[in-house]
Amino acid sequence: AQSVAQPEDQVNVAEGNPLTVKCTYSVSGNPYLFWYVQYPNRGLQFLLKYITGDNLVKGSYGFEAEFNKSQTSFHLKKPSALVSDSALYFCAVRGFTDKLIFGTGTRLQVFP
Amino acid sequence: EADIYQTPRYLVIGTGKKITLECSQTMGHDKMYWYQQDPGMELHLIHYSYGVNSTEKGDLSSESTVSRIRTEHFPLTLESARPSHTSQYLCASTRTGGNEQYFGPGTRLTVT
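So, here's what we can say about the structure. If you're wondering where the values come from, they're calculated on a predicted model, not measured in any experiment.

Counting secondary structure elements, chain B contains zero helices and 11 strands. Order of helices (α) and strands (β) in chain B, N terminus to C terminus: β-β-β-β-β-β-β-β-β-β-β. Taking 2.2 N^0.38 as the reference for a compact globule, 112 residues should give roughly 13 Å; the C-alpha atoms of chain B span a radius of gyration of 13 Å, in line with that estimate. The principal-axis extent of the C-alpha atoms belonging to chain B is close to 40 × 30 × 25 Å. Sequence separation of at least 24 residues holds for 53% of the intrachain contacts in chain B that already meet a minimum separation of 6.

What follows deals with the interface of chain B and chain A. Counting residues at the interface gives 26 residues for chain B, matched by 22 residues for chain A. The largest contributions to the chain B side of the interface with chain A come from N99(B), E100(B) and F103(B), which together make up 27% of the buried area. Across the chain B-chain A interface, the total number found is two salt bridges. Among the salt bridges present, the one from K99(A) reaches D59(B), with a minimum N-O distance of 3.5 Å. Remark: the boundary between chain B and chain A carries five residue pairs in polar contact (both at pLDDT 80 or more). Put simply, the parts of the chain that give the side of chain B that touches chain A at least two residues each are strand 4 (31–37), strand 5 (43–51) and strand 9 (87–94) of chain B. Tallied by class, the residues present in the side of chain B that touches chain A amount to 11 nonpolar, eight polar and seven charged.

The rules we used
All residue numbers refer to position in the chain's written sequence, counted from 1. Chain letters start at A and ligand numbers start at 1, both assigned in the order the entries are written. Owing to the predicted nature of the model, reporting of local features is limited to residues with pLDDT of at least 70; listing and counting of side-chain atom pairs is limited to 80 or more, with chain, interface and lining totals taken over all residues. To get the side-chain values, take all heavy atoms of the structure and skip hydrogens and water. Numbering of helices and strands runs from the N terminus, with a helix taken as a DSSP run of H or I at least four residues long and a strand as a DSSP run of E at least two residues long. Note on method: radius of gyration uses C-alpha positions; expected globular size equals 2.2 Å times residues raised to 0.38. Here, two residues are considered to be in contact whenever any of their heavy atoms come within 4.5 Å of each other. Simply put, the buried area is the total loss of 1.4 Å probe accessible area from both parts when two parts are fitted together. Criterion for a salt bridge: a side-chain nitrogen of Lys or Arg within 4 Å of a carboxyl oxygen of Asp or Glu. Within 3.5 Å is the distance limit for a polar contact, defined as a pair of N or O atoms, with the added protein rule that one can donate a hydrogen and the other accept it, and that residues adjacent in sequence qualify only through two side-chain atoms. Each residue gets one label: Ala, Val, Leu, Ile, Met, Phe, Trp, Tyr, Cys and Pro are nonpolar, Asp, Glu, Lys and Arg are charged, and the others, such as Gly, are polar.

Laid out in structure tokens, this is it:
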């Protein structure tokens, strides 16, 4: 079965520090992986995706993610966190059809 | 910002009422989806459609129904709302051959 795991319910980081939000996946074949962000009372916004090619994927708002096949991971990163980055982050993998399977979400809190 | 709209944004209704949540997109996407999300929690796919007159149930059982008479419109109906239906409902779409889904702002439903 295809699945994705976000092991941290919450990540706390000080503004200006680098941040990492973790995601691991389980999928048959080549994975299609995604990161979305959700601000309060809003829908999800697409941040970035990995389909093929370079393992380091750059996305919106200065975020990037590193695909690691041997560790089956797709961690989201940003070199310098902003208070405005505080939100709920979802990792997702595309299943056998084009349905997305979402992780449970990680709440990122950036402190001034 | 994706052109996908949901109305109403917030709805409070009494038990037993029939409701329809509207979702429209102006991007000409063939594929549309409905997700149910409890606040701050993971998303569960409840319905999807691959085009006009195509509807399928998702991974989470739901008492709601959907229709797809026009490409741009994918309404969700609850014939008799119950408190257990209280949740946030997110609509999404993607083009055929595309990978990422684009989400609407969501409808937060409260059934009293």
